[in-house]
Amino acid sequence: MKLFTQNNQQKKGKEKNPKFDFSKNIFGTIFVLLLLTVAYSLLSGKEDTPVEVSLSNLAQSIDAGAIKSIEVSGNKLSIIRSDDTKETALKESEAALTETLANYGLSKEKLAAVTISVKNQSGFMFWVANILPFALPVLFILFFFWMISRQVKGAGMQALSFGQTQARVTSPDDKNQRVLFKDVAGAKEAKEELKEIVDFLRNPKKFLDIGARIPKGVILTGAPGTGKTLLARAVAGEAGVPFFHLSGSEFVEMFVGVGASRVRDLFKVAKKAAPAIIFVDEIDAVGRVRGTGIGGGNDEREQTLNQILVEMDGFEPNEKVIVMAATNRPDVLDPALLRPGRFDRRVVLDLPDREDREEILKIHSRKKPFAEDVNLKVIAERTPGFSGADLHSLMNEGAILAAREDRKKVSQFDLIRAIEKVLLGPERKSYLLSKKEKEITAYHEAGHALVASVLPYADPVHKITIISRGRALGYTLKLPIEERKLQSKKEFLDDIAVSLGGYVVEEMLFGDVTTGPSNDLQVATSLARSMVTRWGMSETIGPVALEGEGGRALFGAGIDGKEYSEAVSAKIDAEVSKIMQDGFARARDVVTKYRGALDAIALALVEKETLEQDDYEKIIIANGIMPKKKEEK
Ligand code: ADP
Ligand code: ZN
Ligand code: MG
């Protein structure tokens, strides 16, 4: 049962880049400015302002002998009277004080009684006192503009470096990062193909002397996690040449023309370092078919792609730079990229088979201490369809599980639990089903399992559980007996019936359907659709492929993607619906016929919550169903 709609996705809050927080800076500056202004006015307000008197007044006071001292600074007079009160006065700046006072008719003797000191104010304090009040705001404004201009300049500098390549370089001397072919398990054919490239990079002269045209481009294709990036690194490691690594999406950024200039730059740098490998990961980001207008007619992308093509064509045969690229969508690549003289070598990486999986597991268990019971062969058997990346994460999860339980060694049990964790997400033991939910879930899963065990072409059941995991309330784990590359129509039809098993049971037994089977229905429907439109498995439609990989229309189709008429479209719908109805009917027949087995499985599930293969098979044998054997197929 899937699609348990609880919204427990965590929102990833985007972190703001502090460097460019413009508003924060402006407000900060204004705040500081205000603070300083307040402080300044407070400080200057604190002086108790002495009374200002006129010069004639001062002359009179001196005449009366009431003045103790006068301090002259500039044209300011600070006066201290005999009773120690303070006064100020102003004089004309040109004339000396004694002269001025004499002009008021003061006698020399009277003047001599007053201590007159002249303070030279042409220094720092003078400027501070006189200029600062005016200069401060101006300074702030200047500072403010400087701040802004600095930021703009920073952005400008970045814009300048935009055109340069962003490739990460791994030098051959870097022992830590070096990957060799022995670090890549399986993929024998791919390695074989790539050995030639390694040979060339190691010893280009041998090839050039004999007039051989050297491959310019190699494209690695395969499902995500099959080791494309790893293998490309291994080629560089084996050949001992610099490895320029960048991802297709890095070509395309905000500014138009940047992608193309980055390409130019990258090739220039790589040629200097030749022999070298340029590796463009996820090349479908730039290498999609041009001119479809999908994704808003991205001119930038097309220019970048054109530039890559131009650069590759411009290679001299002795340039010794090999371009490698990787993608998991080879179907959307522009045909021009795959033309001879460009990416003409194609290396396909498949999902690993049983032996390869064991090898990969071995590679990733290098630094992990294992308990004696660990049997990687069994783990490899239980993980069909796992990619190299899945297996890597399986090993890691296993180690985490062991560490969490404070054990020093990883045991087989940890690895087996890790398989399910990688497959379906962590167990949610805390999610408690109500009694009713538990019963419905048990019957639902029993339905899937029973149909799978009875129908001849369905995969055997490995495990059933009603412990919720990830978004699934419960699940039935079926594993194919053997690896297979090809699936037949009969197998698909049985798979559809198995998917509908849960739905059938809910409807039959509870007279009602929950939201539980919605994912089952989606899976079954899309399988039925693919049978009709992609694999020619419907008699009414016949042997035509109407859609490409991934349900998209084949190339050349317009944006709406349909290459067929409305009439055909209606026929497809009718055919899909018929396949689904048939599957439903077959599942219902099985469930009706083996009702006893269904009840027994569901009962055991409610009680034990998880049934392993052995326990499960005992139950169905007791009810007259023979479990599938390995030899049967
Ligand atoms: P891709 O680029 O095809 O999506 P990667 O090369 O990034 O996949 O592989 C992801 C990880 O999976 C690798 O770092 C490696 O740990 C593991 N892996 C994948 N394939 C293999 C393999 N054949 N042998 C060993 N490890 C592998
Ligand atoms: Zn289900
Ligand atoms: Mg990759």
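One can find the structure itself at the top, above this paragraph.
Residues numbered from 1 in each chain as written. Chains lettered and ligands numbered in written order. Predicted model: local features only at pLDDT ≥ 70, side-chain atom pairs only at ≥ 80, totals over all residues. Heavy atoms only, no water.

## Considering the overall build of the chain
Along the chain, the regular secondary structure elements total 22 helices and 14 strands. When the 633 residues of the chain are sorted by exposure, 41% land in the buried category. Here the contacts in the chain between residues at least 6 apart in sequence split such that 73% fall between residues at least 24 apart. Surface summary for the chain: the accessible area is close to 35100 Å², and the carbon and sulfur share equals 56%. (Helix = DSSP H or I, 4+ residues; strand = E, 2+ residues; numbered from the N terminus. Buried < 20%, exposed > 50% of the residue type's maximum accessible area, 1.4 Å probe, protein only. Contact = heavy atoms within 4.5 Å. Areas by Shrake-Rupley, 256 points an atom, 1.4 Å probe, with all protein chains shown as cover.)

## Here we look at the site of ligand 1
Around ligand 1, the structure places 15 residues, and the nearest of them are A185, G225, K228, T229 and H392. Its free accessible area being 560 Å², ligand 1 has 82% of it covered by the protein chains. Classifying every residue of the shell around ligand 1 gives six nonpolar, seven polar and two charged. Counting the residues that make up the shell around ligand 1, at least three belong to each of domain 2 (168-349) and domain 3 (356-424). (Near = heavy atom within 4 Å. Nonpolar A, V, L, I, M, F, W, Y, C, P; charged D, E, K, R; others polar. Domains from an automatic or database assignment.)

## Considerations on the pattern of salt bridges
Oppositely charged side chains may form a pair once their charged atoms are brought near each other. A full pass over the atoms with the stated rule returns 27 salt bridges. Across the pair R202 and E238 runs a salt bridge whose closest N-O atoms are separated by 3.7 Å. Of this pair, R202 sits in helix α6 (residues 188-202) while E238 sits in helix α8 (residues 228-239); the two residues are 36 residues apart in sequence, bridging distant segments of the chain. The exposure class assigned to E238 is partly exposed, which follows from its relative accessible area of 21%. The residue E405 makes a salt bridge to R417 at a minimum N-O spacing of 3.3 Å. Of this pair, E405 sits in the loop between α15 (388-404) and α16 (412-424) while R417 sits in helix α16, and the two are twelve residues apart along the sequence. For R417, a relative accessible area of 24% translates into the label partly exposed. Among the charged side chains, a network of salt bridges with common partners joins R354, E358, E359 and K362. (Salt bridge = Lys/Arg side-chain N within 4 Å of Asp/Glu carboxyl O.)

## Let's talk about the pairing of strand β3 (residues 76-81)
Looking down a regular strand, the side chains alternate between one sheet face and the other. Burial along β3 is one-sided: the face carrying L77, I79 and R81 is buried and the face carrying K76, S78 and I80 is not. Relative to β3, strand β2 (residues 67-73) runs antiparallel, the two sharing six bridges. The partner of S73 across the bridge, within β3, is K76. Where β2 folds back on β3, the antiparallel hairpin that results is connected by two residues, among which G74 adopts a positive phi of roughly 65°. Two strands pair when backbone bridges link them, and β3 and strand β4 (residues 86-90) are joined in this way by five bridges, in the antiparallel orientation. When the bridges of β4 are listed, I79 appears paired with E87. (Pairing = 2+ DSSP bridges.)

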